[in-house]
Every structure is written in C-alpha cells, then in structure tokens.
Amino acid sequence: MRVAEETCASLRLWLHLPLSVEACGVDRSDSFTSYWMNPENLAQTGSDAQTLEREEETFPDFRGHSYFHDFVSKALWGGHRRSSSTFDWFVSTKAQRSLIADFAGASDDPAASGNGLLKVKRFIGTVGRTELRLLKDNMTCLDDSSDRDGLRNLLIATFPLSIEACAVRCDIAGQTAIDDIAQEPSRALTLADAQDALEWIRRTFAHWWKPATDADGKGGRYGAPGDTLYRVFLDGKECIAPSGDEVQANFRHAGIVPILPWFDDLLTPLKVDGKRIAHFGDERCYMTSVVSLGDEGLKDRAARQTLLDLSSGDLFRLAEADFSGSGPAYQEPFLEKLRDDYVYDRHGPAPDGKTGNATLFLTTHHHFCAIGAGGFAHRDLPRNTAKYYRHMQFLCLFEYFRLIQFSQRLSELVAGKSDMTTTEFRDALQRIRDDFLSFVHRNRVTSVSTQLQPREIYAKLRKVMGVDAMFHEVEAELSSAADYANAMEARDASRRADALNRLVSLGVPLGLTVALADIEANQRGVVLPDGRSPGIVDFWADTGVIAFFVFLLWDGAAIAKDWQGLNWRERFCGLWRVWSVALGAVVLHLMR
C-alpha cells in the first residue's frame, strides 16, 4: 500500500484569516451581537457551565491558562473576571455548522488528459465556533488630523474545521455531472485526501479557473476554480465560487478581489469590502492542523513505524499544504536539506522504530501541522493543539501582520512628505513611534512558556514566519525616518539662522552709519531752523526707514511661510525679531 493511501482517521484544522480594519470599522450594533458574543462575559458569569465544559477548546480551563506565561494567557483570554488587556474577543453564537466542500480538478486518468474531464472530490465535516480577536489599541474614532498617517486596526478570524470523510467521482464533465457527486458514497480519509483538503480549503479566493465542459462535449463557461474549492454547503446553504469573469469585473470596478462566499457567510455581518475591512495577505489562510493516522488502537511500535514510513515528500507536502502526488514534491536532496528547518521531532520515533514516540510537528510560514499515529494522536494531540499550539501560531501571526501595518504606515507617511511641513511630518512620525513603543512593551510576545517544548516550537514558528526579521526591519525603517526628520529640522533651523544673520549683517552697519552721521552733525553744531540735522542724516534716515521696512516685510513673509513648521520658541523669536525691526524703523523716522 502506498503511504499516501494510509488511513487518516481524522483531520482537524484552524484557519486564521488576518484582516486590516479601520479604527471604527467594526460596528457593534444589534446586527453584530446577533451573530457574535463575548465569551469573557459567559465565562465570568458562569451562566452556561455546560457550554464551558463541552467547548473547553474554545473556553480553556486552568490548564490552558497555566501552560502559558501569565501575561500571555491574560492577553488571549483575560484573567479572573477580567477581559483580555490586548484583544476584544468574540465567538460566533452558532456553536457548529455542517460542512460539505467540493473541489473539481483534473482527472487522474492519463487517457483523460486534455479532454476537459474532471475529478470531483467532496469533503464532509463540520465548522466549529468561529472566533474573532480584534486588537484593542486605537479603537476610538479618530479625527481627520490624527487619521492622516494611515492608522488601522488588526482583526484575525479563526475558523475551526473538522473533516471526517470524503467522496470522489472521477472522469465526469459538465455542471450536471458535478452535481452527481452527491450520489457517491462517502469513505474514510486517506493521507492523500488530507493533503488535498489542506491545500484547497485554506484558500480565500481563486487564482485561476479551468474551462468547464458541458455534458454534450461543447466548451462551457469558466466554472471550476483550479486551486480552491468550487462550492461549499454550510448547514445546507450553497455557496458557489465566483467565475473568473466575475472576479475580473469586480477587480476592475472596485480594485479588490472578493473573498470566497463561504468565508463571507462565516463572518456575517462583517463585510470584507476592501475599505473598512480589508483582506490582509495573499489568498492562503494561515493554518494550524492535526493529522491523526491509522487506528486509535495502533500499538506503539506500529505507530512509530507508520511515521517512519512517511517519505520526506509526504512530510513536505503536509508542511507546505501542497496537494497530494505520487512522487516527491521536489528533489530529495533539496527536501532533506530543509528537514531540520521545518520538522520538530522531540517526540518522533527513533530511526530503528524501537524507541521514541509517534508525533511530529511541522512548521512553515503558512502552516503548523501536528501529525501522529496511535492512541495519543487520536485522543490528546487534537485537544492539545486546540488549547495550546494554535494560539502560539496566532501570536506569531498577530505580531507579523502588526509589524506589516507599521511598515505600511511609514511608507504612506514618507510617500506624502512633500505635502507636509517638517513639523507635520515629525508629529506624524512621532505618533507611529509612540504606537510602536506601546506595541513592543504591551503586545509583543517573544516567549510564551517556561516549558521546553512550547519554547522550542514557538521559536521555530517565529523563525519560519520571519517575525524577528520583520521586527528588525521595521526598527530600521523607523530609525531611518527619524534620521530624515532630524536632518530636515536641522536644515530648517540653519535656513532660519542664515536669514537672521543676513538681516543682522545688513542692519547693524546701517544703524552704525546713521548713528555716526548724527554724531558728526551734532559735533559740527549744524542744525536747520526746524531743528533737524541737515544733509547726510536726512539721507541715511530716509534710507534706513525704507531699508528696515523692506527687511520687515521680507522677514515677516518668511515667518508666515514657515509658521506651521515652527515650534512655539521659534514663533516667539520670529515675532520678536519683526517687532524689533519695526521699532527700529519707527525710531529712525522720529530722528528726522
């Protein structure tokens, strides 16, 4: 039996969808509370103890809190009778929905290649209670002046899914035949089915479409997406993926690619419109999954051997969420070289299969996968992943996209600097730096636990997602922008100092000349009948008045031009300088 045909007793996955939200982008009116509730209130009042006990994966008990550092558990769920200090946390009012998901892909039959025949694969399972975590920072409505620097919030939606069975119908054509998948009997999942499900279910929109062929053999419209699900039934409600033409038309009209309708349905009444709430990232959701192989009663030696039989290609397909295939995903030497980066095998089997356990953890940028065989993989691994590991990936995801938001704000600020004064640029930059400082000291989580395994797994997640590299990049961007702002301030100060020096260098000699002429006239005792000094004093007095008024207008215009870019000290000194020049001009006029 091919390893890909190994029975997969269960597949659990949590899809994490990051969304960029305007500061007031989430309307919490009655329409919102009809679909979403605050689990913190439920836990604090104890009004539904059965719900808390039954859904311990959503509402963790003391073990969930004690597994992490205290500040981490308080950020995720809050403390005793206290809400989370970091997130507004909501869960859907509907605890579970039935799920039927169909994919229409190319036929496996080589004879069918190129004739448009399809293979339809149906996945059958459930969707659990969807969660929303909205960053609490900056959730007040902002005025125009403070919103200029692109301040947006971060919302991450988590969709828990369980896939229990699938059905396959091969070599069919046309919409009518696609609908016939409902007639196929369901069967247990295989590892290949799990690989396909992980690849197709996570996508929020399609990148390309296959031309569907009508039953009579004529070419049909663009129907089935080539890289994601074709349609989904949620509690029997049919949601069909838009065609390629519809997606292109929407993009040309609104400039956005709409997410697939089943994600829209799960987010109701929130609407991802590309403005108030925008899709953040590419078409792939981030994903946490648990793949449990074989029977629950599998003995330890057999369970270890099951994992040892997995090829590096199978492991890599799981890690990267690539669809199933008969051969290795890439060249074997390439895969072996990557193994240490994405495989965490503390509880893996020994090479000879005689010792060790039967659990592996796979970490890549978009996917954290726990795979195992035997009793532990069926009973405990899904529960531990739901309580602990998925939250570790969530924390990395939150930090990663929050850092991207800071980088975007900086880019938008620099792009608009030509329309801003130095002071406006400096103030906007300071707001970003203040927010970044608050994020670093209140929201950034570099360590989650004192226990060895969560510390090591969390470190691998941060490495493969590039969280720390992104942090240092944003730090460098902030430092570069601050250096630029300081240079501009120094330039403006130098220009103002030069202007003052020019004024002083001309005004002082002029004043001295007038004074000396007046002294000379007085010494000679020459006065006119009306008491005024003759000749040179008149000339220099008139010239001085004109000159001082010219400088007064010139300096006043310069101050008015830079008024918004001056601090209060610079404004005071400038006004004092203007009034001093004005006073000097008046004195010269009175000397006449």
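Every value quoted in this text rests on a predicted model; they were computed, and no experiment measured them.

What counts, and at which threshold
- Residues numbered from 1 in each chain as written.
- Predicted model: local features only at pLDDT ≥ 70, side-chain atom pairs only at ≥ 80, totals over all residues.
- Heavy atoms only, no water.
- Helix = DSSP H or I, 4+ residues; strand = E, 2+ residues; numbered from the N terminus.
- Buried < 20%, exposed > 50% of the residue type's maximum accessible area, 1.4 Å probe, protein only.
- Contact = heavy atoms within 4.5 Å.
- Areas by Shrake-Rupley, 256 points an atom, 1.4 Å probe, with all protein chains shown as cover.
- pLDDT = per-residue confidence, 0-100.
- Axes fitted to C-alpha atoms, helices over the stretch in contact; angles between N-to-C directions.
- Parallel < 35°, antiparallel > 145°, perpendicular 65-115°, else oblique.
- Nonpolar A, V, L, I, M, F, W, Y, C, P; charged D, E, K, R; others polar.
- 1 Å grid on protein atoms, 1.4 Å probe; cavity = no way out; pocket = protein on both sides within 12 Å on 5 of 7 lines; lining within 4 Å.
- Points joined across faces, edges and corners; volume = space filled by probe spheres on them.
- Core = buried A, V, L, I, M, F, W, Y, C linked by side-chain atoms within 4.5 Å.
- Disulfide = S-S within 2.5 Å.
- Salt bridge = Lys/Arg side-chain N within 4 Å of Asp/Glu carboxyl O.
- Phe/Tyr/Trp six-rings, centres within 6.5 Å; stacked < 30°, edge-to-face > 60°.
- Lys NZ or Arg CZ within 6 Å of the ring centre and 35° of its normal.
- Pairing = 2+ DSSP bridges.

## Quick notes on the overall build of the chain
Okay, so step 1: Broken down by element type, the chain carries 19 helices and 17 strands.
Okay, so step 2: Taken across its 592 residues, the chain has 49% of its residues classed as buried.
Okay, so step 3: Pairs at least 24 residues apart make up 74% of the contacts formed inside the chain by residues separated by at least 6 positions.
Okay, so step 4: As displayed, the chain offers around 28,100 Å² of accessible surface, 54% of which is attributable to carbon and sulfur atoms.

## Thoughts on the confidence of the model for the chain
Okay, so step 1: Here the chain averages 80 in pLDDT, while 71% of its residues score no lower than 70.
Okay, so step 2: Note that pLDDT drops below 50 for residues 138-148; the model gives that stretch 19 contacts with residues more than four away or on any other chain.
Okay, so step 3: Contacts of residues 214-222 to residues separated by more than four positions or lying in other chains number 18 contacts, the stretch itself having pLDDT below 50.

## A word on the packing of helix α5 (residues 70-77) against helix α14 (residues 381-415)
Okay, so step 1: Remark: α5 packs on α14, axes separated minimally by 12 Å, with the N-to-C direction vectors making an angle of 85°. Judged by the angle between their axes, α5 and α14 are roughly perpendicular. Here Val-72, Leu-76 and Trp-77 of α5 come into contact with α14, specifically with Lys-387, His-391, Phe-394 and Leu-395.
Okay, so step 2: Counted by class, the contact of α5 with α14 contains five nonpolar, one polar and one charged residues.

## Details of empty space enclosed by the protein
Okay, so step 1: Taken as a whole, this structure holds three cavities of 30 Å³ or more when the rule is applied.
Okay, so step 2: Its volume calculated, the largest cavity comes out at about 120 Å³.
Okay, so step 3: As for the largest cavity, its lining consists of 13 residues, and the residues nearest its centre are Leu-99, Leu-161, Ile-201, Trp-262 and Leu-266.
Okay, so step 4: Only β4 (97-106), β7 (152-172), β11 (231-234) and α9 (261-267) provide two or more residues apiece to the lining of the largest cavity.
Okay, so step 5: Here the lining of the largest cavity gets three residues from one element, more than from any other, and that element is α9.
Okay, so step 6: For the lining of the largest cavity, the class distribution of residues is 13 nonpolar, no polar and no charged.
Okay, so step 7: As a volume, the second largest cavity reaches approximately 50 Å³.

## A look at the nonpolar core
Okay, so step 1: Counting 66 residues, the largest nonpolar core has Leu-267 and Ile-371 as its most contacted members.
Okay, so step 2: At seven residues, the largest contribution of residues to this core is made by strand β1 (residues 7-22).
Okay, so step 3: Once residues within four sequence positions are removed from consideration, Ile-371 is found in contact with Val-291, Leu-293, Leu-307, Leu-310, Leu-318, Ala-358, Thr-359, Leu-360, Leu-362 and Leu-381.
Okay, so step 4: Leu-397, Phe-398, Met-470 and Phe-471 belong to the second-largest nonpolar core, a separate cluster that totals 59 residues.

## Structural notes on the packing of α14 against helix α15 (residues 422-442)
Think of two packed helices as two axes; the pair is described by the angle between the axes and how far apart they sit.
Okay, so step 1: Interaxial distance between α14 and α15 falls to 10 Å at its minimum, and their mutual angle equals 175°. With respect to α15, the axis of α14 lies roughly antiparallel. For the pair formed by α14 and α15, the contact residues are Phe-398, Glu-399, Arg-402, Leu-403, Phe-406, Arg-409, Leu-410, Leu-413 and Val-414 on the first element and Phe-425, Ala-428, Leu-429, Arg-431, Ile-432, Asp-435, Phe-436 and Phe-439 on the second.

## Here's the deal with the state of the cysteines
Okay, so step 1: The tally for this structure, following the rule as stated, stands at zero disulfides.
Okay, so step 2: Its sulfur unpaired, Cys-8 is 9.3 Å from the next cysteine sulfur, which belongs to Cys-369.
Okay, so step 3: Residue classification places Cys-8 among the buried residues on the basis of a relative accessible area of 1%.

## What about the pattern of salt bridges?
Okay, so step 1: Overall, the coordinates contain 28 salt bridges when judged by the stated rule.
Okay, so step 2: Taking the shortest distance from any N to any O, the salt bridge between Glu-399 and Arg-444 comes out at 2.8 Å. Note that Glu-399 is positioned in helix α14 and Arg-444 in the loop between α15 and α16 (452-465), a separation of 45 residues in sequence. As far as the burial class goes, Glu-399 and Arg-444 line up, both buried.

## Considerations on the packing of aromatic side chains
How two aromatic rings sit relative to each other is given by the distance of their centres and the angle of their planes.
Okay, so step 1: Overall, the coordinates contain 25 aromatic pairs when judged by the stated rule.
Okay, so step 2: When the centroid spacing of 6.1 Å and the interplanar angle of 45° are considered together, the rings of Phe-68 and Trp-77 count as tilted.
Okay, so step 3: Plain terms: the ring middles of Phe-361 and Phe-368 are 5.8 Å apart, the flat faces sit at 15° to each other, and that makes the pair stacked. In this pair, the class of Phe-361 matches that of Phe-368, namely buried.
Okay, so step 4: An aromatic cluster of three or more residues is present, and its members are Phe-87, Phe-394, Phe-398, Phe-406, Phe-436, Phe-439 and Phe-471.
Okay, so step 5: It is Arg-133 that lies over the ring of Phe-394; its NZ or CZ is 5.5 Å from the centre.
Okay, so step 6: Over the aromatic face of Phe-406 sits the side chain of Arg-402, whose NZ or CZ is 5.5 Å from the ring centroid.

## Regarding the pairing of strand β14 (residues 286-293)
Okay, so step 1: The buried fraction of β14 amounts to eight of the eight residues, a majority that puts the element mostly inside the structure.
Okay, so step 2: Strand direction decides the pairing type here: β1 and β14, joined by eight bridges, are antiparallel. Note on β14: the bridge partner recorded for Leu-15 is Met-287.
Okay, so step 3: Of the strand pairs in this sheet, β14 and strand β17 (residues 367-373) are connected by seven bridges, and their pairing is parallel. Along β17, the bridge assignment pairs Met-287 with His-367.

## Considering the side chain of Thr-359
Okay, so step 1: Mapping Thr-359 onto the fold places it in strand β16 (residues 359-363).
Okay, so step 2: A residue is classified by how much of its surface remains accessible, and Thr-359, at 5% relative accessible area, is buried.
Okay, so step 3: With residues up to four places along the chain from it excluded, the contact list for Thr-359 reads Leu-307, His-347, Gly-348, Ile-371, Gly-372, Phe-376 and Leu-381.

## Quick word on the environment of Ile-404
Okay, so step 1: One can find Ile-404 in helix α14.
Okay, so step 2: In contact with Ile-404, other than residues within four places in its own chain, are Phe-280 and Met-470.

## A few points about the pairing of strand β12 (residues 237-240)
Regular strands place side chains that alternate from one sheet face to the opposite one.
Okay, so step 1: Relative to β12, β11 is paired through four bridges, and the arrangement is antiparallel. In the sheet register, Leu-234 faces β12, and the bridge partner there is Lys-237.
Okay, so step 2: Hairpin geometry of β11 and β12 is characterised by an intervening segment of two residues between the two adjacent antiparallel strands and by a positive phi of about 50° at Asp-235.

## Considering unusual backbone geometry
Okay, so step 1: Cis geometry is adopted by the peptide bond preceding Pro-269, which originates at Thr-268 and carries an omega value of 5°.
Okay, so step 2: Positive phi outside glycine occurs at Asp-235, with the angle close to 50°.
Okay, so step 3: Within the fold, Asp-235 resides in the loop between β11 and β12.
Okay, so step 4: Here the phi dihedral of Ala-321 falls at roughly 55°; this positive angle occurs in a residue that is not glycine.
Okay, so step 5: You can see Ala-321 is positioned in the loop between α11 (312-319) and α12 (332-342).

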